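Structural features, examined
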Amino acid sequence: MKKNKQAQKIVFKSEKDVPLMPMSIGTMLHNKTGVWRNIKPVIDLDNCIQCGICWKFCPDVSIFVEDEWPVVDYVYCKGCGICAEECPTKCIAMVEEEK
Amino acid sequence: MKKEKKMKLSLPEEELMNSGHLACQGCGATLAMRYVLKALGQKVALCIPACCWSVIDGPFPYSSLDVPIFHCAFETAAVSASGVKAGLEMVGDTETTVVAWAGDGGTFDIGIQALSGVAERNDDIIYVCYDNEAYMNTGIQRSSATPYGAWTTTTPVKHFKDRPKKDMEAIMAAHRIPYIATASIGYPEDLFRKTKKAKEIKGTRFLHIYAPCPTGWKSRPEDTIKLARMVVQNATFPLYEIEWGEKYTLNIKLKEKKPIADYLKIQGRFRHLTEKEIASMQEEVDKKWQRLLSLVNSK
Ligand SMILES: Cc1ncc(C[n+]2csc(CCOP(=O)(O)OP(=O)(O)O)c2C)c(N)n1
Ligand code: SF4
Ligand code: SF4
Ligand code: SF4
Ligand SMILES: [Mg+2]
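Quick summary incoming for the structure in this document.

Calculation rules
- Residues numbered from 1 in each chain as written.
- Chains lettered and ligands numbered in written order.
- Predicted model: local features only at pLDDT ≥ 70, side-chain atom pairs only at ≥ 80, totals over all residues.
- Heavy atoms only, no water.
- Helix = DSSP H or I, 4+ residues; strand = E, 2+ residues; numbered from the N terminus.
- Rg over C-alpha atoms; globule rule 2.2 N^0.38 Å.
- Buried < 20%, exposed > 50% of the residue type's maximum accessible area, 1.4 Å probe, protein only.
- Contact = heavy atoms within 4.5 Å.
- Donors = N, O, S within 2.8 Å, 3.2 Å for Na, K, Ca; no water.
- Buried area = accessible area lost by both parts, 1.4 Å probe.
- Salt bridge = Lys/Arg side-chain N within 4 Å of Asp/Glu carboxyl O.
- Polar contact = N/O pair within 3.5 Å; in protein donor to acceptor, adjacent residues only side chain to side chain.
- Near = heavy atom within 4 Å.
- Nonpolar A, V, L, I, M, F, W, Y, C, P; charged D, E, K, R; others polar.
- Core = buried A, V, L, I, M, F, W, Y, C linked by side-chain atoms within 4.5 Å.
- Pairing = 2+ DSSP bridges.
- Axes fitted to C-alpha atoms, helices over the stretch in contact; angles between N-to-C directions.
- Parallel < 35°, antiparallel > 145°, perpendicular 65-115°, else oblique.
- Left-handed = near helix turned anticlockwise from the far one by under 90°.
- Patch = residues over 30% accessible without salt bridge, like charges linked within 9 Å, V, L, I, M, F, W, Y side chains within 5 Å.
- Areas by Shrake-Rupley, 256 points an atom, 1.4 Å probe, with all protein chains shown as cover.

**Thoughts on the overall build of chain B**
- In terms of helices and strands, chain B carries eleven helices and nine strands.
- By the compact-globule yardstick of 19 Å for 299 residues, chain B fits well, its C-alpha radius of gyration being 19 Å.
- Overall, the C-alpha framework of chain B stretches about 60 × 55 × 40 Å when taken along its three principal axes.
- Out of the 299 residues in chain B, the part that is buried amounts to 58%.
- Relative to all contacts within chain B whose residues are 6 or more apart in sequence, the contacts with residues 24 or more apart total 68%.

Put into structure tokens, the structure is as follows:
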């Protein structure tokens, strides 16, 4: 769903471009927090029961539903490990990130 | 991949909180916001005083939320929200839900007089306190929501906090406001239902959400949800509602009340506690729990 929200950085060319009132005019989606991660969740869909628990508890909204299956969004996932900890069938493994 | 059944989602799929925000890994406060916005929908205005959430949201000119936010001064969350509500009414908008969204420091300590004024007037706002039990944004200082026994940078191990957590629900109940509820990010469906309920009520509504903070509690980020469940299961933070300051309803009944020791053990902020100290803390929890049960049963 978030895929169609705009995620550009905003550059003010001159002072005149800056809004008089400091207002938020863009989203933080340009901030690709996946680079914070040193371990990453990998879902073994063979053992997934489509319970939605990983989706529900992700603080970074980084698990989305695609064709009724959970998919990790590695662009933003910070690797907190909550999804793996909470998955009732333990089908999410936290694996070392290769840099 | 076998059966192509439907993915079970217990909450609406639409997100008003985006990825890319600045919270630490495993931040509970972030989930509190995600769930509350799912319940309130898009017609919301937030007033956020200085707290972690004023940072999590992102710096100017960005925001992580798809709803308007007014960043207000630390002590003014409640009264800023009343002002925004009054202003909206003046221009004919009676629909938008105005929410004050503050941390425990901003609620239990510095914001308490503004909150008390708003509650006494029964101004038409929802006040949400996400409780991470210390001043986290400024580096883990003790607040009056910090529990007994906890380490913080201003209550070092040798002088750990020796006063109990302030009973904010009792203070709010004394104001006789229409709705007060405690909630925990470990029980998102309960939090969602309470937020929906609060939205339909007029007057001052107070939601107190337990939101673990791995950075400040020295806990593992993956334990955030577990901690938010344990604290309810061991009756340290029971989930209940108070209507008009008198009708108490317990939402999560405990078949078996768990000991607090397991909950304390997985948080670095309690690591220094001796068996004897833990036993006396357990006694306190038991006493508070009995007091709550008597309030629930008195009606
Ligand atoms: C009047 C005033 N005093 C002090 C501060 C510094 N300050 C900013 S955030 C903060 C702590 C907030 O704690 P809390 O409300 O619990 O929210 P948290 O950061 O834990 O989410 C403090 C002391 C301030 N911004 N304004
Ligand atoms: S590791 Fe954490 S941030 Fe990454 S998908 Fe799982 S819950 Fe979300
Ligand atoms: S929590 Fe586990 S079983 Fe449930 S949907 Fe996610 S991966 Fe599948
Ligand atoms: S310090 Fe705690 S409350 Fe603040 S962003 Fe980090 S985890 Fe969340
Ligand atoms: Mg706090």
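**Quick look at the coordination of the magnesium ion (ligand 5)**
Residue and element names in this part refer to chain B.
- Asp104 (OD), Asn132 (OD1) and Ala134 (O) make up the full set of protein donors to the magnesium ion (ligand 5), lying at 2.0 to 2.1 Å.
- Written as a sequence motif, the donor arrangement for the magnesium ion (ligand 5) is D-x27-N-x1-A.
- The class of Asn132 is buried, set by a relative accessible area of 5%.
- For Ala134, a relative accessible area of 4% gives the class buried.

**Let's talk about the interface of chain A and chain B**
- The interface of chain A with chain B comprises 49 residues on the first partner and 52 residues on the second.
- Across the interface of chain A and chain B, roughly 4200 Å² is buried in total on both sides, 57% from carbon and sulfur atoms.
- At the surface where chain A touches chain B, the tally comes to four salt bridges.
- Between Lys56(A) and Glu189(B) there is a salt bridge, with the nearest N and O atoms lying 2.7 Å from each other.
- Counting across the interface, chain A meets chain B through 27 residue pairs in polar contact (both at pLDDT 80 or more).
- Elements that contribute at least two residues to the side of chain A that touches chain B include exactly strand S1 (26–27), helix H1 (53–57), strand S4 (69–72) and helix H2 (82–86) of chain A.

**Considerations on the site of ligand 2**
- For ligand 2, the full set of nearby residues is Pro41(A), Cys58(A), Pro59(A), Ile63(A), Cys77(A), Lys78(A), Gly79(A), Cys80(A), Gly81(A), Ile82(A) and Cys83(A).
- For the shell around ligand 2, the class distribution of residues is eight nonpolar, two polar and one charged.

**Things to note about the pattern of salt bridges**
Residue and element names in this part refer to chain B.
- For the structure on display, the rule yields 27 salt bridges over all chains.
- Its salt-bridge partner being Glu133, residue Arg269 comes within 2.8 Å of it at the nearest N-O pair. Highlighted residues: Arg269 in the loop between helix H10 (261–265) and helix H11 (275–297) and Glu133 in the loop between strand S5 (126–131) and helix H6 (168–173), separated in sequence by 136 residues. Both residues of the pair, Arg269 and Glu133, belong to the buried class.
- Here Lys265 and Asp262 are joined by a salt bridge, their closest N and O atoms 3.8 Å apart. With Lys265 and Asp262 both in helix H10 and three residues apart, this pair spans about one turn of that helix.
- Residue Lys265 is classed as exposed on the basis of its relative accessible area of 61%.

**A short note on the nonpolar core**
Residues and elements named next belong to chain B.
- Membership of the largest hydrophobic core comes to 115 residues, with the highest contact counts inside it found for Met33, Trp53, Trp101, Tyr127 and Phe206.
- Element by element, the count of residues in this core is highest for helix H1 (residues 28–40), at nine residues.
- Setting aside residues up to four positions removed in sequence, Met33 forms contacts with Met17, Leu46, Ile48, Trp53, Leu65 and Trp101.

**A closer look at the sheet that holds strand S9 (residues 247–250) of chain B**
All names here are of chain B.
- Ordered by their spatial adjacency, eight strands build an open sheet running S3-S1-S4-S5-S7-S6-S8-S9, and the pairing between neighbours is mixed. Where the open sheet ends on each side, the last strands, each with one partner, are strand S3 (69–71) and S9. For this sheet, the mean angle separating the axes of adjacent strands, direction not counted, is 15°.
- Across five bridges, strand S4 (residues 97–103) lies against S5 in parallel orientation.

**Topic: the packing of helix H3 (residues 77–90) of chain B against helix H5 (residues 112–121) of chain B**
All names here are of chain B.
- Between H3 and H5, the shortest axis-to-axis distance is 6 Å and the interhelical angle comes to 45°. Comparing the axis directions of H3 and H5 gives the class oblique. Within the contact between the two elements, H3 uses Ala78, Val79 and Ser82 and H5 uses Ala114, Leu115, Val118 and Arg121.
- Across the contact of H3 with H5, the residue classes break down as five nonpolar, one polar and one charged.

**Examining the environment of Ala86(B)**
Residues and elements named next belong to chain B.
- Counting through the fold element by element, Ala86 comes out in helix H3.
- For Ala86, a relative accessible area of 38% translates into the label partly exposed.
- Distance from Ala86 to Asp123, taken between C-alpha atoms, is 9.1 Å for residues 37 residues apart in sequence.

**Remarks on the packing of H1(B) against helix H7 (residues 188–200) of chain B**
All names here are of chain B.
- Look at H1 against H7: their axes get within 8 Å of each other, and the N-to-C directions meet at 45°. In terms of their interaxial angle, H1 and H7 are classed as oblique. Relative to H7, the crossing made by H1 is right-handed. Side by side, H1 and H7 meet where Ala32, Tyr35, Val36, Lys38, Ala39 and Leu40 of the first sit next to Pro188, Leu191, Phe192, Thr195, Lys196 and Lys199 of the second.
- Of the residues assigned to the contact of H1 with H7, the class counts are eight nonpolar, one polar and three charged.

**Digging into a nonpolar patch on the surface**
- Taken together, the side chains of Val35(A), Trp36(A), Leu22(B) and Val55(B) define a hydrophobic patch exposed on the protein surface, amounting to about 340 Å² of accessible area.
- Tracing the chain through its elements places Val35(A) in the loop between S1 and strand S2 (39–43).

**Re the site of ligand 3**
- Neighbouring ligand 3 are 13 residues, the closest being Cys48(A), Ile49(A), Cys51(A), Cys54(A) and Cys87(A).
- The residue makeup of the shell around ligand 3, split by class, is ten nonpolar, three polar and no charged.

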